[in-house]
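# Remarks on the overall topology
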Amino acid sequence: MNEHTLKLLSFSHILEELKNYCHSSEAQRILDKREIHTTREAIEYNLDLAVDLRKLLETGKHLPALNLPDLRSFVFRLKKQGSVLDPYELAALAQFIHSSNALKRFLLKEAHESLREIAEAIPDLEDVRREISRIIDPLGNLIDKKVPALAAIKTRMQRLRTEIDKLAKSYFHNQAYDQFWQTDVATIKDGRTVLPLKAQYKGRVKGIVHELSASGATIFIEPKDIVEKNNQLVIEDNKYKQEVLKIIRVLSDKARSGLSEISVMLEKTALLDVLLAKVQYARVHNCTPAEFSNKQLMLYEARHPLLGKAAVPITVSLSEQCQVLLVTGPNTGGKTVSLKTVGLLVLMHQFGMEIPVKEGSALPVFDRILADIGDEQSIEQSLSTFSAHMTNIAAITGEVTHNSLVLLDELGAGTDPEEGTAIAMAILDFLISKGSRVIATTHHGILKNYGYIKRSVTNASVDFDTESLIPTYRLIIGVPGESHALIIAERNGIPQAVIKQAENYLNDERTDISRLIRELSKQQKDLLLLQEKQKQKERLVEEKLKQTELKEVELREREYRLREQGLKELNELLNFSRKQLEAVIKELREHHDQEANIQKGRDLISKVESKIAQESRKLDTKPKSGRKTKNLEIKIGSRVLFKDSYKKGTVVRKARSSKWVVETDNVRVTVPADELEPDDSSAKEEVVVSLSGAGSHIPAVFELNVRGFRLLDALRSVEKQLDAALVQGLTSFTILHGKGHGILQQGIHDYLKMSPHVENYYFSRPEEGGSGKTVVILKL
C-alpha cells in the first residue's frame, strides 16, 4: 500500500492504539509490517477471525491472564550452537510457553473452527516449560533445593559467611583495636569482606589493603585471618557458578532442540494477540464489520476514529454506476475530514478490522488507495501549494488502476480559478477513463456543473447552518454546496462595508446557479425529513401489526385452553358414569328384581346421554368471528355452513316457510335460511379439517395446506387438525404454510410450542419444502 497515503490518512495512529492493546512485542512487530490486504479472501479471513473472537469474549467467557515477554533476541541467540541463556531468559521462555498453552486450551474448548485451527497449530512445549520451572522460578531465581549439588554448595557458603562475620565482629569488639575503626560494620569489596580502618592506624592491623576512601580518611583492609575464609568463599562461589552454568546449559540445549516449535509458537501466539488487540479496539470504538460489495461503497453513520466523541457521523455512498463523488461546501465545513474518514476506514477494513460505522455498511476491495490531501508546499524544494498538489497527482496518475480509490482534496486549488477548473476536470476525466473510484473536494463553482453533466459523477455537499453561521459537518449526497465565503468572512470580523461591496460584485458576476443550489438544498432537506417521518410511520404500523397478531394468537390459545378444560370435564363425566353403570350391571346380576333394576339402569343411561349431549353442545359452540355475514343467495347446489356448528353441507331443495333442505354427512335436514351462511372455503382447494358434533368427524389429513390463509384462520385449521389427529391416533403430519414474510410460519410454530399434544416440530428437508413446510410429531 502507498506509504504516502498511509501517512496522510494517519493510519499509524490506529496502529499505535492497537499496539497498546497487545500483550507481546512479537504482535507489535506484526502490526508494524502494515499488511493491508488487497484480496477479498485475505480480508474476509482476517476479519472473520476477529469477529469470531469478539463474539466469543462477549458471551462472558474469561480470557486467561497472559504474560508474553519478548523472546526475539533469545530465539536468535539459541540458533548459535553452544550458546547459553541466563536464568532470567529461561524464566521468560517458560512464562511465554505457559501463557501460550493457556490461550490454546481456552480456544480449543470455547472457540469456533477457524480460531481452533490456529490454536491447534501452537506446538506443545509443556515438557520444556516443566523442566525450566522445576529449577528456575518465574523471577529467574534458581530453586537450589531442587538441585542437591547446589544446595550443598549453598550450605557451605552460608557457613563461611557466618564464620567471616564472627571474625569481623571480633576485631570490632576487641578493646585493643577499639579506636581503630571508622564504623563497626564490615564492607564487601569485590566479593570479599573488608574492615574500615582509620588511616592514622595504618600498619597497626596486618592484612591486605583493598581500597582507600575518597577523603583518604579510611582504609578498607582485609585482615590475614579473614583472607583465608574469603578465599574459601570465593572458591565455593565459583563452584556454585560452574554448577549453575551446567544446569542452564542443559536447559538451553533442551530449548534449542525445540527451536523450530518455539518459532511457530511465537508466530501463532502473536497472531492471536493481534486479533485480541483488534477485538479490544472494536469494543472501545463501538465498531461493526463492513460487508463486502463488488463496486458499491456505502458507509452509514461513519465516524473518524481519531476524533473520539467529537466525531460527527456521516453517510457516504457511491453506487456501482457512480465513479466520482464531488464534495463542495465552505471551509471548515468538514470536507477534508469526510475525505479522510472514508480513506482511513477503507484502510482499516482491508487491515482486517471492524470499523466505526452502522450495520449494513459495505465496501469493495481496492488494490490501491491513493491520496492528495492538505497543503504540502515545500520551501526546500521550491514547491508552491499548486505545484505540490500537481506533483502528488502526477504520481497518482502513474499508479492508478481500474480498482483503485483516489482521494483528492481541494482539486484545482492554488492557481488561477479558470485554469485550475480546467485541469481539475481533465484529471477527473482521466481517472474516470481508468475506471477508478474518486472522492474529491473543491471550491470551484464550474465543477458543480461538471457533476451534473457527467453521468458517472455525483455531487455532494457539507451542510452549513446559515442561521447559526456554523457548519453541521453532515454530508448531503446529490446536492452541491456553496462556499458561504461572505458569511464566514462577516463572522470573522470583516467590516460590513467590505461585505456589502463584495455582494455588489457578486450580483454583477453571479448567475442563477447559487439560487438553484439553495433551492435544491432546501428540497433535499425537506425530502430527507419526509423520508424520516415516513419511516417512523412504517415502524409504528409494523409494531401495531405485530401486536394485533400476538393478540390473535393469545385469543386462540385462551379458546384452546377452555376447550381442553371442557374435554377434560366431559372425560371425567364419562369415567364417572361408566363406574355407575358398572355398579348397576353388578347389582342386576346379584338381585332378582330385574325389572326395577333395569328401569334404574335405563334412567342412568338416559341421564348420562342427556349430560353428554349438553356438554357436547357447549364444546361445539363456536365463538363469533366478528366478521359480517354475507347476504346468502341460496340456490340448489350451493355449499353452505351451519352457523351453530360450522358443519358443511349442500342445498338439495327448498322447503316451506323460508327453509331449505340441506344434505350433510349423508343426512338431510330442514334448516331456516337465517341459520346458514356461505362456505367461502369451497372456492379454495386447500383441505381444512374440522370436528363436527358428537360421534362424527372429518378425517385428519397427512398434509394440511394453509397457504394464503390469514393467521387466525390458519391457527383454527391447525387446531381442528390436531383434534382430528388425536381422535384417529395419527402420530405425525405436515403443515404447508409457505415462506412469504414468515408471519404464518412464526404464528403456527408459537401455537405448536404451547400445545400439550405436540411432542416436536421442525422444518422439512430442503427437497421436500424446507422452511415452507413444518413436520409435526404428536405425543403417543
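Since we're looking at a predicted model, the values are computed, not measured. (Residues numbered from 1 in each chain as written. Predicted model: local features only at pLDDT ≥ 70, side-chain atom pairs only at ≥ 80, totals over all residues. Heavy atoms only, no water.)

### Description of the overall build of the protein chain
A tally of regular secondary structure across the protein chain gives 21 helices and 23 strands. Partitioning the intrachain contacts of the protein chain with sequence separation of at least 6 by distance along the chain shows that 66% fall at a separation of at least 24. As displayed, the protein chain has an accessible area near 43500 Å², and 51% of this comes from carbon and sulfur atoms. (Helix = DSSP H or I, 4+ residues; strand = E, 2+ residues; numbered from the N terminus. Contact = heavy atoms within 4.5 Å. Areas by Shrake-Rupley, 256 points an atom, 1.4 Å probe, with all protein chains shown as cover.)

### As for the sheet that holds strand S4 (residues 218-223)
The four strands lie next to each other as S1-S2-S4-S3, forming an open sheet whose pairing is antiparallel. Of all strands in the sheet, those bounded by a partner on one side alone are strand S1 (187-189) and strand S3 (207-212). Averaged over all adjacent pairs, the angle separating strand axes in this sheet is 45°, with direction ignored. As defined by bridge partners, S3 adjoins S4 across five bridges and the pair is classed as antiparallel. Across the sheet, residue Leu212 finds its bridge partner in S4, namely Ile219. The strands touched by helix H9 (residues 148-173) within the sheet are strand S2 (192-198) and S4, with S2 carrying the most contacts at an inclination of about 5°. Those strands touched by helix H10 (residues 224-257) are S2, S3 and S4, and its axis lies near 70° from that of S4. (Pairing = 2+ DSSP bridges. Axes fitted to C-alpha atoms, helices over the stretch in contact; angles between N-to-C directions.)

### Remarks on the packing of aromatic side chains
For the structure on display, the rule yields six aromatic pairs. On the numbers, 5.7 Å between centres and 90° between planes, the contact of Phe172 with Trp181 is edge-to-face. For the pair shown, Phe172 and Trp181 are each scored as buried. In this structure an aromatic cluster arises from ring pairing among Tyr171, Phe172, Tyr177, Phe180, Trp181 and Tyr201. The positively charged end of Lys154 is found above the aromatic ring belonging to Tyr240, 4.9 Å away from the centroid. (Phe/Tyr/Trp six-rings, centres within 6.5 Å; stacked < 30°, edge-to-face > 60°. Buried < 20%, exposed > 50% of the residue type's maximum accessible area, 1.4 Å probe, protein only. Lys NZ or Arg CZ within 6 Å of the ring centre and 35° of its normal.)

### Quick notes on the nonpolar core
Of all hydrophobic cores here, the largest spans 65 residues; its most connected members are Leu53, Leu107 and Trp181. Once residues lying within four places of it in the same chain are set aside, the contact partners of Trp181 are Tyr171, Phe172, Leu195, Pro196, Leu197, Lys198, Val205 and Ile221. Listed in part, the 49 residues of the second largest apolar core include Leu9, Ala270, Ala371 and Leu475. (Core = buried A, V, L, I, M, F, W, Y, C linked by side-chain atoms within 4.5 Å.)

### A few points about the pairing of strand S23 (residues 773-778)
By the criterion of burial, S23 is predominantly enclosed, with five of the six residues buried. Relative to S23, strand S21 (residues 732-736) is paired through five bridges, and the arrangement is antiparallel. Counted as the bridge partner of Ser732 is Ile777 from S23. The pairing of strand S22 (residues 758-763) with S23 spans five bridges and is classified as antiparallel. Bridging across to S23, Phe763 finds its partner in Thr774.

### As for the sheet that holds S22
Ordered by their spatial adjacency, four strands build an open sheet running S20-S21-S23-S22, and the pairing between neighbours is mixed. A single partner strand is all that each edge strand has here, and the edge strands are strand S20 (703-705) and S22. Pairwise comparison of adjacent strand axes, ignoring direction, gives a mean angle of 20° for this sheet. Running over the sheet, helix H20 (residues 711-728) touches S20, S21, S22 and S23 and is turned about 165° from S21. Packing against the sheet, helix H21 (residues 743-754) makes contact with S21, S22 and S23, and its axis sits at approximately 160° to S22.

### Observations regarding unusual backbone geometry
Residues other than glycine seldom take positive phi values, yet Asp190 does so here, at roughly 55°. Relative to the elements of secondary structure, Asp190 occurs in the loop between S1 and S2. The exposure class of Asp190 is exposed, given its relative accessible area of 79%.

### Quick word on the pattern of salt bridges
Evaluated as defined, the whole model comprises 29 salt bridges. In this structure, Lys239 and Glu236 form a salt bridge, with 3.7 Å as the shortest nitrogen-oxygen distance. Within this pair, Lys239 and its partner Glu236 are both found in helix H10, separated by three residues, close to a single helical turn. With a relative accessible area of 40%, Lys239 lands in the partly exposed category. Note on Glu236: relative accessible area 9%, which makes it buried. A salt bridge links Arg256 to Asp253, with the nearest nitrogen and oxygen atoms 2.7 Å apart. Residue Arg256 and its partner Asp253 are both found in helix H10; the two are separated by three residues, about one turn of the helix. Looking at Arg256, the relative accessible area reads 11%, which means it is buried. A residue is classified by how much of its surface remains accessible, and Asp253, at 37% relative accessible area, is partly exposed. (Salt bridge = Lys/Arg side-chain N within 4 Å of Asp/Glu carboxyl O.)

### Looking at the side chain of Ser456
With respect to the helices and strands, the residue Ser456 is situated in the loop between helix H15 (445-453) and strand S13 (457-465). Using a relative accessible area of 15% as the deciding quantity, one classes Ser456 as buried. Those residues within four positions of Ser456 in sequence are excluded, and the remaining contacts are Gln321, Cys322, Gln323, Val324 and Ile432.

### Comments concerning the confidence of the model for the protein chain
With 79% of its residues at a pLDDT of at least 70, the protein chain reaches an overall mean of 80. Note on residues 622-630: pLDDT under 50 across the span, and 14 contacts to partners over four residues away in sequence or across chains. In this model, residues 682-697 is a region of pLDDT below 50 whose contacts with residues beyond four sequence positions or in other chains number 33 contacts. (pLDDT = per-residue confidence, 0-100.)

### What to know about the packing of helix H6 (residues 87-110) against helix H8 (residues 126-135)
In the contact formed by H6 and H8, the axes pass within 9 Å of each other and the chain directions differ by 135°. On the basis of their axis angle, the class for H6 and H8 is oblique. The interaxial crossing formed by H6 with H8 has left-handed handedness. Residue-level contacts link Leu90, Ala91, Leu93, Ala94, Ile97, His98 and Asn101 of H6 to Glu126, Val128, Arg129, Ile132 and Ser133 of H8. Considered class by class, the residues forming the contact of H6 with H8 number seven nonpolar, three polar and two charged. (Parallel < 35°, antiparallel > 145°, perpendicular 65-115°, else oblique. Left-handed = near helix turned anticlockwise from the far one by under 90°. Nonpolar A, V, L, I, M, F, W, Y, C, P; charged D, E, K, R; others polar.)

### Focus: the environment of Leu271
Of note, Leu271 is situated in helix H11 (residues 259-284). Sequence-wise, Leu271 and Leu31 are 240 residues apart; in three dimensions their C-alpha atoms are separated by 9.7 Å. Those residues in contact with Leu271, other than ones at most four positions away along the chain, are Ile30 and Ile118.

### What about the packing of H10 against H11?
One can describe the packing of H10 onto H11 by two numbers: an axis separation of 5 Å at closest approach and a directional angle of 70°. Here H10 lies roughly perpendicular to H11, going by the angle between them. In contact with Ala255, Arg256 and Ser257 of H10, H11 contributes Leu259, Glu261 and Ile262. Among the residues forming the contact of H10 with H11, the class breakdown is three nonpolar, one polar and two charged.

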